[in-house]
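Now for the letters of each chain:
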Amino acid sequence: MKTPTPETIAAAAQCLRDGGLVAIPTETVYGLGADASNPQAVLRIFAAKGRPADHPLIVHAAGAESLEYWAREVPEGALRLAARYWPGPLTLILKRGRAPLEVTGGQDSVGLRVPAHPVALALLRAFGGGVAAPSANRFGRVSPTRAWHVRRELGDRVDMILDGGPCRVGVESTILSLAGDRPVLLRPGAIALSELQEVLGEEIAPPSTPVAIRAPGMLASHYAPETPFEVWPAEELRQRAEELAQTGRRAAILFIDPQRCGIAATPDLLPFPMPAEPDDYARRLFAVLRRFDRMGLDVLLAEAPPETEAWQAVRDRMRRASC
Ligand code: TXA
Ligand code: MG
């Protein structure tokens, strides 16, 4: 693992030019990057992740200028959103321009994003091209938010890992499709639907609307830990925990409100406090899931977060992790 100096960034850019795989810190989660214009390199991403080749990857770029290169018929609303949110945790799905079909999983659309992380931006500038990058985890597993998550999960499958510290956002980018007849939110993230709608000046269909776009991030169980994960309303959490303990099972309990959950620690029950603020919760969620996943517990329990918009991304990831 390399803490990035200018020399490391230059070496990582060269690694990309040579067709290698570089794990890149972004503000959302770590990505597994390859030269987006090199189909052979891109195919190595799918092999390293164990991901089916028809699942599209996001192209990461240093700035919005490259929109017109990777995409075509870029709508004015996309330019407005890019100007407002990039660099930042927003992925725009647009009609495919010069993005290779290997990157887009054979689809005629392409996902684009300018990440807001100094290391990612330094690498993208040094490299000069687009970097295709999914989250740097094995297919179907929780996204990595620390460099060592990537090392542990992908090991030698990746040529170089840039350590940019813990990810600030902690859940994957908001994905908005502007490639179809109407705007559709494909994945909730740190940027709320209502905010995007305001900037776009158009209604955006919520993720629950059935859409004919292939997006593995929308598969029900896409972000799962190995330990069974259950989400319960605060009032029912204690009863569920006690039920488990009575049958001799060991569980960690991620609670937000100690008053409402009220679970005392025992050798079998490990209550663990989670932040009451949605951005803080999001930042910690995947790292906490990974940590408890390694403890060989029987179940992970979590208190369901509030049903408000600010919690939408966290609720979405918890729902998927619990399928
Ligand atoms: O925050 C993020 O978006 C992170 C960082 C590394 O940028 N990346 C990430 O990539 O989460 P990935 O591959 O794990 O998830 C990207 C999602 C997938 O569900 C994929 O199907 C969807 O974006 N996607 C990409 N291109 C698409 C396209 N052309 N049409 C529909 N969905 C697309
Ligand atoms: Mg992913």
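If you look the protein up in an unreviewed UniProt entry, it shows as Threonylcarbamoyl-AMP synthase from Methylogaea oryzae. One UniProt comment on the protein, placed under Subcellular location (unreviewed entry), says "Cytoplasm". Within the UniProt record for the protein, the comment given under Catalytic activity (unreviewed entry) is "L-threonine + hydrogencarbonate + ATP = L-threonylcarbamoyladenylate + diphosphate + H2O".

Undergrad: Whenever I open this one, the domain arrangement of the protein confuses me. Can you help?
TA: Note: interface size is frequently given as the accessible area lost on complex formation between the parts. If you check the domain split of the protein, you get domain 1 (6-217) and domain 2 (229-321). Placing a centre on the C-alpha atoms of domain 1 and another on those of domain 2 gives a separation of 29 Å. For the side of domain 1 that touches domain 2, the residue count by class is six nonpolar, six polar and two charged.

Undergrad: What is the right way to look at helix H6 (residues 118-127) in this model?
TA: Because each turn of an α-helix spans 3.6 residues, side chains separated by three or four positions end up pointing in the same direction. Those residues of H6 not exposed but buried are Val119, Ala120, Ala122, Leu123, Leu124 and Phe127. If you follow the buried residues of H6, they end up packed against helix H1 (6-17), strand E1 (22-24), strand E3 (58-60) and strand E7 (131-132). Note on H6: the residue one or two positions beyond its end, Gly128, has a positive phi of about 90 degrees.

Undergrad: Mind showing me how you'd approach the pairing of strand E6 (residues 109-113) here?
TA: Remark: a regular strand shows side chains that alternate across the two faces of the sheet. The buried fraction of E6 is high, at four of five residues. Alignment of strand E5 (residues 90-96) against E6, held across four bridges, turns out to be antiparallel. Within the sheet, the bridge partner assigned to Lys95 lies in E6 and is Ser109.

Undergrad: Which parts of the structure should I look at to understand the UniProt feature "domain: YrdC-like" (unreviewed entry) in the protein?
TA: Feature annotation in UniProt places "domain: YrdC-like" (unreviewed entry) on residues 6-191, given in this structure's numbering. Between the first and last C-alpha atoms of residues 6-191 the distance is 31 Å; the span itself is 32% helix and 20% strand.

Undergrad: Help me out: how do you make sense of the environment of Glu309 in this one?
TA: Assignment of secondary structure puts Glu309 in the loop between strand E14 (299-303) and helix H12 (312-321). Separated by 121 residues in sequence, Glu309 and Pro188 have C-alpha atoms that sit 9.8 Å apart.

Undergrad: Explain the packing of helix H4 (residues 76-85) against helix H8 (residues 193-200) to me, please; I cannot follow it from the model alone.
TA: Between two packed helices, the angle of one axis relative to the other and the distance separating the axes together describe the packing. Remark: H4 packs on H8, axes separated minimally by 9 Å, with the N-to-C direction vectors making an angle of 120 degrees. Here H8 runs oblique to H4, going by the angle between their axes. Seen from above, H4 lies across H8 with right-handed handedness. Each of Gly77, Arg80, Leu81 and Arg84 in H4 lies in contact with H8, whose residues at this interface are Leu196, Val199 and Leu200. The residue makeup of the contact of H4 with H8, split by class, is four nonpolar, one polar and two charged.

Reading the values: rules and limits
Residues numbered from 1 in each chain as written. Chains lettered and ligands numbered in written order. Predicted model: local features only at pLDDT ≥ 70, side-chain atom pairs only at ≥ 80, totals over all residues. UniProt positions renumbered as here; feature names shortened; annotations may be inferred. Domains from an automatic or database assignment. Nonpolar A, V, L, I, M, F, W, Y, C, P; charged D, E, K, R; others polar. Buried ≥ 20, exposed ≤ 12 C-beta atoms within 10 Å, placed from the backbone. Helix = DSSP H or I, 4+ residues; strand = E, 2+ residues; numbered from the N terminus. Contact = placed C-beta atoms within 7 Å. Pairing = 2+ DSSP bridges. Axes fitted to C-alpha atoms, helices over the stretch in contact; angles between N-to-C directions. Parallel < 35°, antiparallel > 145°, perpendicular 65-115°, else oblique. Left-handed = near helix turned anticlockwise from the far one by under 90°.

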